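# Fold and contact review
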Amino acid sequence: FFQKVTELEGNLHSSREKESESHAHARSLNLQAHALTQRLHEVESELQDIDRSRLQAEARADMLAKEAEEAEQKVRSLCGKLRESEHAKAQAQSRLAFLELESKAET
């Protein structure tokens, strides 16, 4: 009988130690889960910041592309006007040369 009681007391003690270890392990896992949850929220926030920055950069790139297109159109227009102006200048120089020759011929 005493041997059985001693054996049961030993089992009880062993079970309590295992229970204590299980509780400690559960607390450790709970702390790890909390830390991971916190890190997850931080990463989600960082991703949102990155996404906002990306959207802003895309909007800026679109705006710059539009400005570049407008600038290119202005350059084309100015080149056309320059060609017209050079043509008009050449015509005026030709007319001037003709008038100078005509004037020399009359004298």
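All of the points below concern the structure found in this document. Quick caveat: nothing in here was measured; it's all calculated off a predicted structure. (Residues numbered from 1 in each chain as written. Predicted model: local features only at pLDDT ≥ 70, side-chain atom pairs only at ≥ 80, totals over all residues. Heavy atoms only, no water.)

### Quick notes on the overall build of the protein chain
- Looking only at helices and strands, the protein chain has 1 helix and 0 strands in total.
- For a compact globule of 107 residues, the expected C-alpha radius of gyration is about 13 Å, and the protein chain comes in at 45 Å, more than 25% above that figure.
- With respect to the three principal axes, the spread of C-alpha positions in the protein chain is 155 × 15 × 10 Å.
- Evaluated residue by residue, the protein chain yields a buried proportion of 1% over its 107 residues.
- About 10,000 Å² of surface is accessible on the protein chain, with carbon and sulfur atoms providing 57% of the total.
- Measuring between centres, the 16 positive side-chain charges of the protein chain sit 4 Å from its 21 negative side-chain charges. (Helix = DSSP H or I, 4+ residues; strand = E, 2+ residues; numbered from the N terminus. Rg over C-alpha atoms; globule rule 2.2 N^0.38 Å. Buried < 20%, exposed > 50% of the residue type's maximum accessible area, 1.4 Å probe, protein only. Areas by Shrake-Rupley, 256 points an atom, 1.4 Å probe, with all protein chains shown as cover. Lys, Arg positive; Asp, Glu negative; His and termini not counted. Charge placed at Lys NZ, Arg CZ, Asp CG, Glu CD.)

### Here we look at the packing of aromatic side chains
- Considering all chains together, one arrives at 1 aromatic pair under this definition.
- Where Phe1 meets Phe2, the ring centres are 5.9 Å apart and the plane angle is 65 degrees; that geometry is what we call edge-to-face. No difference in accessibility class separates Phe1 from Phe2, as the two residues are exposed. (Phe/Tyr/Trp six-rings, centres within 6.5 Å; stacked < 30°, edge-to-face > 60°.)

### Things to note about the pattern of salt bridges
- Throughout the structure, instances matching the rule amount to 6 salt bridges.
- With a closest N to O distance of 2.3 Å, Arg52 and Asp49 form a salt bridge. On the criterion of helical spacing, the pair formed by Arg52 and Asp49 is a turn pair, its members being 3 residues apart in helix H1 (residues 2-106).
- Assessed through its relative accessible area of 46%, Arg52 is described here as partly exposed.
- Overall, Asp49 belongs to the partly exposed group, its relative accessible area being 39%.
- For the salt bridge of Asp51 with Arg54, the shortest nitrogen-to-oxygen distance reads 2.4 Å. Here Arg54 and Asp51 lie together in helix H1, a separation of 3 residues that amounts to about one turn. (Salt bridge = Lys/Arg side-chain N within 4 Å of Asp/Glu carboxyl O.)

### Here we look at the environment of Glu102
- Summarising the element assignment, Glu102 is placed in helix H1.
- For Glu102 and Ala65, which are 37 residues apart along the polypeptide, the C-alpha to C-alpha distance reads 55 Å.

### Describing a nonpolar patch on the surface
- Among the surface-exposed residues, Val43, Leu47 and Ile50 lie close enough to one another that they form a single nonpolar patch of about 270 Å² accessible area.
- Within the fold, Leu47 resides in helix H1.
- Note on Leu47: relative accessible area 52%, which makes it exposed. (Patch = residues over 30% accessible without salt bridge, like charges linked within 9 Å, V, L, I, M, F, W, Y side chains within 5 Å.)

### Concerning the environment of Glu19
- Checked against the element boundaries, Glu19 lands in helix H1.
- Separated by 17 residues in sequence, Glu19 and Leu36 have C-alpha atoms that sit 25 Å apart.

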